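Residue-level listing of the chains:
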Amino acid sequence: EPEVTQTPSHQVTQMGQEVILRCVPISNHLYFYWYRQILGQKVEFLVSFYNNEISEKSEIFDDQFSVERPDGSNFTLKIRSTKLEDSAMYFCASSGLAGEGYEQYFGPGTRLTVT
Amino acid sequence: RKEVEQDPGPFNVPEGATVAFNCTYSNSASQSFFWYRQDCRKEPKLLMSVYSSGNEDGRFTAQLNRASQYISLLIRDSKLSDSATYLCVVNSRAGTALIFGKGTTLSVSS
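The shown structure was predicted, so the numbers you read here are calculated from the model rather than taken from an experiment.

Rules and cut-offs
Residues numbered from 1 in each chain as written. Chains lettered and ligands numbered in written order. Predicted model: local features only at pLDDT ≥ 70, side-chain atom pairs only at ≥ 80, totals over all residues. Heavy atoms only, no water. Helix = DSSP H or I, 4+ residues; strand = E, 2+ residues; numbered from the N terminus. Rg over C-alpha atoms; globule rule 2.2 N^0.38 Å. Buried < 20%, exposed > 50% of the residue type's maximum accessible area, 1.4 Å probe, protein only. Pairing = 2+ DSSP bridges. Axes fitted to C-alpha atoms, helices over the stretch in contact; angles between N-to-C directions. Phe/Tyr/Trp six-rings, centres within 6.5 Å; stacked < 30°, edge-to-face > 60°. Core = buried A, V, L, I, M, F, W, Y, C linked by side-chain atoms within 4.5 Å. Contact = heavy atoms within 4.5 Å. Polar contact = N/O pair within 3.5 Å; in protein donor to acceptor, adjacent residues only side chain to side chain. Salt bridge = Lys/Arg side-chain N within 4 Å of Asp/Glu carboxyl O. Buried area = accessible area lost by both parts, 1.4 Å probe. Nonpolar A, V, L, I, M, F, W, Y, C, P; charged D, E, K, R; others polar.

Enquirer: Sorry, what's going on with the overall build of chain B here?
Expert: When helices and strands are tallied, chain B shows zero helices and 11 strands. A compact globule built from 110 residues should have a C-alpha radius of gyration of about 13 Å, and chain B, at 13 Å, falls within 12% of that. Judged by the C-alpha coordinates and their principal axes, chain B covers about 40 × 30 × 25 Å. Across the 110 residues that make up chain B, the buried fraction comes to 48%.

Enquirer: Looking at this structure, how should I read the sheet that holds strand 1 (residues 4–6) of chain B?
Expert: Sheet strands pair by backbone hydrogen bonding; their relative direction is either parallel or antiparallel. All names here are of chain B. Strand order in the open sheet made by the five strands is 1-3-8-7-6, with antiparallel pairing throughout. Two strands in the sheet have a free side with no partner beyond their single neighbour: strand 1 and strand 6 (55–57). Strand-to-strand twist across the sheet, computed as the mean angle between neighbouring axes with direction ignored, equals 20°. As judged from the six bridges shared by strand 3 (residues 19–25) and strand 8 (residues 70–75), these two strands associate in the antiparallel manner. Note on strand 8: the bridge partner recorded for Val-19 is Ile-75.

Enquirer: Help me out: how do you make sense of the packing of aromatic side chains in this one?
Expert: The description of two aromatic rings rests on the distance between their centres and on the angle between their planes. Evaluation of the coordinates by the stated rule reveals 17 aromatic pairs over all chains. Ring plane angle 85° and centroid distance 5.3 Å describe the contact between Phe-11 of chain B and Phe-21 of chain B, whose orientation is recorded as edge-to-face. Linking Phe-11 of chain B in strand 2 (residues 11–14) with Phe-21 of chain B in strand 3, this pair joins segments that are 10 residues apart in sequence. Phe-11 of chain B gets classed as partly exposed once you look at its relative accessible area, which sits at 21%. A connected cluster of aromatic rings, assembled from ring pairs, spans Tyr-33, Tyr-35, Phe-45, Phe-91 and Phe-106 of chain A together with Phe-34, Tyr-36 and Phe-100 of chain B.

Enquirer: How should the nonpolar core be read in this particular structure?
Expert: Within soluble globular proteins, side chains that are nonpolar generally end up buried alongside one another. Counting residues in each nonpolar core, the largest one holds 23 residues, and the members touching the most others are Phe-21, Trp-35, Ile-71, Leu-73, Ile-75, Tyr-86 and Leu-106 of chain B. Contacts of Leu-106 of chain B, omitting those with residues within four sequence positions, involve Phe-11, Val-13, Val-19, Phe-21, Ile-75, Asp-82, Ser-83, Ala-84 and Tyr-86 of chain B. By size, the runner-up hydrophobic cluster in this structure holds 21 residues, among which are Val-4, Cys-23, Phe-61 and Cys-92 of chain A.

Enquirer: For this particular structure, what's the right way to read the side chain of Gln-6 of chain A?
Expert: Residues and elements named next belong to chain A. Tracing the sequence through the fold places Gln-6 in strand 1 (residues 5–7). At a separation of 3.0 Å, a polar atom in the side chain of Gln-6 contacts the main-chain carbonyl oxygen of Tyr-90. Side-chain polar atoms of Gln-6 contact the backbone nitrogen of Cys-92, separated by 3.0 Å. Residue contacts for Gln-6: discarding those within four places in its chain leaves Arg-22, Cys-23, Trp-34, Tyr-90, Phe-91, Cys-92, Gly-107, Pro-108, Gly-109 and Thr-110.

Enquirer: How should I be thinking about the pattern of salt bridges in this particular structure?
Expert: Working definition: two side chains of opposite charge can pair if their charged atoms are close together. Tallying each qualifying case throughout the model produces five salt bridges over all chains. For Arg-36 of chain A, the salt bridge is made with Glu-44 of chain A, and the minimal N-O distance between the two is 3.2 Å. Asp-82 of chain B is the salt-bridge partner of Arg-59 of chain B, the closest N and O atoms lying 2.8 Å from each other. Note that Arg-59 of chain B is positioned in the loop between strand 6 and strand 7 (60–65) and Asp-82 of chain B in the loop between strand 8 and strand 9 (84–91), a separation of 23 residues in sequence. Judged by its relative accessible area of 21%, Arg-59 of chain B is partly exposed.

Enquirer: Explain the interface of chain A and chain B to me, please; I cannot follow it from the model alone.
Expert: Accessible area lost during the coming together of the parts is what is often quoted as the interface size. Each partner contributes residues to the interface: chain A has 23 residues there, and chain B has 21 residues. Carbon and sulfur atoms make up 58% of the surface buried where chain A meets chain B, a total of about 1800 Å² over both sides. The three residues of chain A that bury the most area against chain B are Lys-42, Tyr-102 and Phe-106 of chain A, which together make up 32% of that side's buried surface. Viewed at the interface, chain B and chain A are joined by zero salt bridges. Taken together, the connections running from chain A to chain B amount to six residue pairs in polar contact (both at pLDDT 80 or more). Elements with a contribution of two residues or more to the side of chain A that touches chain B: strand 4 (31–37), strand 5 (44–50), strand 6 (53–57), strand 9 (88–95) and strand 10 (105–106) of chain A. When residues in the side of chain A that touches chain B are grouped by element, the largest group, four residues, is from strand 4 of chain A. Taken together, the residues that form the side of chain A that touches chain B break down as 13 nonpolar, six polar and four charged.

Structure follows, in structure tokens:
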């Protein structure tokens, strides 16, 4: 069964450093997403990406964040200058076309710890 | 007003019990509805989509009431492996943000 993969599983970084989180979405999916979940809180939407551009973003997704699809398989989330409050689980998700359903499938996540 | 509200629980039930979770959503333009399951420190996993006519998948039954903006999940014959947090999720259209509730925690004991 196809699945979303993410690397690394855990990233520890110092405040102010740049991090890049990587995802490989399900191969025939066209919509890609990043969500985050701070410990003990609900899953929150960050950004969606379609046809090589951002299609929607939340208030959380400020100028410190960027996304990229550098090749035909990877989808990345970059945080330019990490803050303590960026510590969270970051989940990548992907979904197919509208006619194939709205279901989004999630990767196992990257736990980001900012010290 | 919170967009998706759920009773946080926890619900502690014995094996074999029937348990029901409720959820309300505030955006009347929501088009798609889901229940996801999340184990501790793991990713949300799609349990089932929720259709207007209601739908069933084995021991799981989901209902939707668009007029009341209310979604439910019924689990029959609970198993130990059903212990998890159940997330109510809504979506306005394909390719857009999923809006999550905080989840309801279920603990099934033997």
